[in-house]
Amino acid sequence: MKNFTLISNNNSLCDKVISREFINGSALDVLIHVRSLIHLGSILLTHPLCGNLRPNHQPFRSVIINRKNGLVDLESLTLIENAVHVYESCKLINIHELDELKRVDYAFIDYELMRESLEQYNLISRESSLKPAPLLLI
Amino acid sequence: MKLELHRLNVKSLKFGDKTGFADGVLTVNKSELLALISEDELLGKNLDVDLAIPGESVRVMPVKDVIEPRFKLEGKGQVFPGMISDVETVGEGKTLVLSGCAVLTAGKLVRFQEGIIDMSGPGADYTPYSKTCNVVLVLEPADPNMDKHDYEKACRTAGLKAAKYLAEACKDVKPEKIESYEFAKIRDAMNSYPELPKVGYLYMLQTQGLLHDTYLYGVDVKKILPTVISPLEVMDGAIVSGNCVSACDKNSTYSHQNNPVIADMLKRHGKDFNFVAVIVTNENVTLADKRRSSSYATKIAGMLGLDGLVITEEGFGNPDADLIMNCWKAERLGIKTALLTDEYAGQDGASQSLADSCPEGDACVTAGNANEVIILPPMQKVIGYAEEANVIAGGWNGSLAEDGTITVELQAITGATSELGYTKLGAYTL
């Protein structure tokens, strides 16, 4: 059975997604929760690391899994363990210490990098979008 | 396929009444160039063009893309096909190149990302674009609330238009140097140099979403299946960067146009190996896409009967998974691989360099540790927005001191750890 679910600490993104679990915590907390679900049999559908931002340069993390119980998928387990290791080796940004404009832009880019994948797994409608913070022009 | 690059060597820049080239100096008619980029209604009214010459006390930031001015003098199509020119296939004929010159696009997009280019001082050693005479476009959106995709496209297009405009203005000048490149048909290549190994180049492109995209003939590369391309097409701007992050290891359009892996493989073709093909592939977000593209790209390499594959990555993090999949899938088809990447090994260099690995990846070249911290002393002039140092990738709150000194990781410097190897620092076999 397919039960595609987004696991994310990006509240604004979660609001747009049909099947999701919001993690009120850090990017590492997201990965550790995903790891627990993988231990129970869930399968990773997106890579747990960002496209090209270090963990200390993006406070949000969003991962899509096929949520299910069963045997452990070893490929998913290897990927999530490596990702947890990368995040544990970095000083993470505390979302609550960010100023609002930066927080909104980080959330926006996290959404943008997940958008295609969410569409692929029918978790988001094409009309749905997240807005960045307005630019302050001089 | 045969392409001639007609080179003019730009040693300096100045503003003047007529855009053109004489005695090593590229003159830029500022108002004409401004009028050209202002045609785009998505860009604001306060656009500017500035010049940055090697050795000057100038800092440019935040830089989005770097583009080499080129213009096709003869042959099908025009530079940057599918972006600002028709979609006709390029890579044949004659192309004018303003060597030593670059167009930089600078401006705010979101509150982090993008890069620094210092034209002198310690930071200049880490970016190849401190050695080019730079025409800098300082850009802003018409509306601060404009859709970011539209604004990113407007910035990208402005840079490409400026690069074509500058080279086109010099089309009647006699070239100082002509380089001739030829790339054989696959049928002929297969029958050539039977004593040499057949080697290909697997060219990985960042394709994750906004600010992380690359275009091939105007097509978003995340939508393609891996495909075969001639290296001469790349020289004519068939591959364009829409990638702004991280500055150190995004492949700028300039580094695609001047891809040193392609240049070296063409030089060594017929001597050390038989350079048969370039395969372009993507780096997507979903694991299904990663599996599909790595299987398909290595399948093409297998169908071509390649003995070896040079693989370059773009970016860090989940693209490491694509790199590693490409590596072991090729190796298990009997194709030897050599990987070119960079490292994110922490500020002390002690952390794991890549997020993924495999036993088959035993021939790996690094372009440096992007987490290395560097102190950039203040410059007399900043083109762009210095306050962005606090928020770009590789910077942190407090990166920018009151006197203008910036303390950042190398990843904030444009092209510092280019995974195409387009850097000024490196090791050479003597």
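### Comments concerning the overall build of chain A
Then, in step 1: Within chain A one finds four helices and four strands.
Then, in step 2: When the helices and strands of chain A are placed in sequence order, the string is β-α-β-α-β-β-α-α.
Then, in step 3: Relative to the 2.2 N^0.38 estimate, which gives 14 Å for 138 residues, the radius of gyration of chain A is 15 Å and therefore close to what a compact globule would have.
Then, in step 4: Within chain A, the fraction of its 138 residues that count as buried is 50%.
Then, in step 5: Sequence separation of 24 or more characterises 72% of the internal contacts of chain A that already satisfy a separation of 6 or more.

### Thoughts on the overall build of chain B
Then, in step 1: Counting secondary structure elements, chain B contains eight helices and 24 strands.
Then, in step 2: On C-alpha atoms alone, chain B measures out to a radius of gyration of 21 Å, which is about the 22 Å that the 2.2 N^0.38 rule sets for 430 residues.
Then, in step 3: In terms of overall dimensions, chain B has a C-alpha envelope of 55 × 50 × 45 Å along the principal axes.
Then, in step 4: For chain B, buried positions account for 57% of its 430 residues.
Then, in step 5: The long-range fraction of contacts in chain B, counting pairs at least 24 apart against all pairs at least 6 apart in sequence, stands at 79%.

### Description of the pairing of strand β8 (residues 93-99) of chain B
Residues and elements named next belong to chain B.
Then, in step 1: The pairing of strand β1 (residues 2-9) with β8 spans seven bridges and is parallel. Paired with L5 across the strands is T95, a residue of β8.
Then, in step 2: One ladder, built from four bridges, connects strand β7 (residues 70-74) with β8; its direction is antiparallel. For K72, the partnering residue across the bridge sits in β8 and is T95.

### Comments concerning the interface of chain A and chain B
Then, in step 1: In this assembly, 32 residues from chain A lie in contact with 37 residues from chain B.
Then, in step 2: Elements with a contribution of two residues or more to the side of chain A that touches chain B: α3 (74-88) and α4 (100-120) of chain A.
Then, in step 3: Taken together, the residues that form the side of chain A that touches chain B break down as 16 nonpolar, ten polar and six charged.

### Section: the nonpolar core
Then, in step 1: Counting 162 residues, the largest nonpolar core has V60, L104, L137, A162 and L166 of chain B as the members making the most contacts within it.
Then, in step 2: Leaving out residues up to four positions away in the same chain, L104 of chain B has contacts with V60, V63, V66, I117, N134, V136 and L137 of chain B.

### A look at the sheet that holds strand β14 (residues 212-216) of chain B
Strand pairing in a sheet relies on backbone hydrogen bonds, with the paired strands running either antiparallel or parallel.
All names here are of chain B.
Then, in step 1: Read from one edge of the open sheet, three strands run β15-β14-β17, paired in antiparallel fashion. If you trace the sheet from one side to the other, it starts and ends with β15 (219-220) and β17 (239-243), each paired once.
Then, in step 2: In this structure, β14 lies alongside β15, joined through two bridges in antiparallel fashion. Residue pairing in the sheet places L216 in a bridge with V219 of β15.

### Quick word on α3 of chain A
Residue and element names in this part refer to chain A.
Then, in step 1: Given a rise of 1.5 Å per residue, 15 residues ought to cover 21 Å, and the 21 Å separating the end C-alpha atoms of α3 matches this to within 8%.
Then, in step 2: Taken residue by residue, α3 has S76, L79, I80, A83, V86 and Y87 as its buried positions. For α3, the angular spread of the buried residues around the axis is 120°, confining them to a single face.
Then, in step 3: Of the surrounding elements, those touching the buried residues of α3 are α2 (27-39) and β3 (43-44).

### Quick notes on the sheet that holds strand β21 (residues 364-369) of chain B
Residues and elements named next belong to chain B.
Then, in step 1: On the basis of which strands lie adjacent, the open sheet formed by six strands has the order β16-β18-β13-β19-β20-β21 and mixed pairing. Unpaired on one side and paired on the other, β16 (227-229) and β21 mark the two borders of the sheet. Pairs of neighbouring strands in the sheet enclose a mean axial angle of 20°, with direction left out of account.
Then, in step 2: Bridging between strand β20 (residues 336-343) and β21 involves four bridges; their strand directions are parallel. Directly across from T341, in β21, lies its bridge partner T366.
Then, in step 3: The strands touched by helix α8 (residues 319-331) within the sheet are β13 (198-206), β18 (274-283), β19 (308-312) and β20, with β20 carrying the most contacts at an inclination of about 165°.

### Some words on the packing of helix α1 (residues 30-38) of chain B against helix α2 (residues 148-168) of chain B
Residues and elements named next belong to chain B.
Then, in step 1: Their axes nearest at 9 Å, the elements α1 and α2 cross at an angle of 140°. In terms of axis orientation, α1 runs oblique to α2. For the crossing formed where α1 meets α2, the hand is right-handed. Contacts between α1 and α2 involve L33, L36 and I37 from the first element and A158, K161, A162 and Y165 from the second.
Then, in step 2: For the contact of α1 with α2, the residue count by class is six nonpolar, no polar and one charged.

Conventions adopted
Residues numbered from 1 in each chain as written. Chains lettered and ligands numbered in written order. Predicted model: local features only at pLDDT ≥ 70, side-chain atom pairs only at ≥ 80, totals over all residues. Helix = DSSP H or I, 4+ residues; strand = E, 2+ residues; numbered from the N terminus. Rg over C-alpha atoms; globule rule 2.2 N^0.38 Å. Buried ≥ 20, exposed ≤ 12 C-beta atoms within 10 Å, placed from the backbone. Contact = placed C-beta atoms within 7 Å. Pairing = 2+ DSSP bridges. Nonpolar A, V, L, I, M, F, W, Y, C, P; charged D, E, K, R; others polar. Core = buried A, V, L, I, M, F, W, Y, C linked by C-beta atoms within 7 Å. Expected span 1.5 Å × (residues − 1). Arc of directions from axis to C-beta. Axes fitted to C-alpha atoms, helices over the stretch in contact; angles between N-to-C directions. Parallel < 35°, antiparallel > 145°, perpendicular 65-115°, else oblique. Left-handed = near helix turned anticlockwise from the far one by under 90°.

Read these as geometric descriptors, not functional statements.
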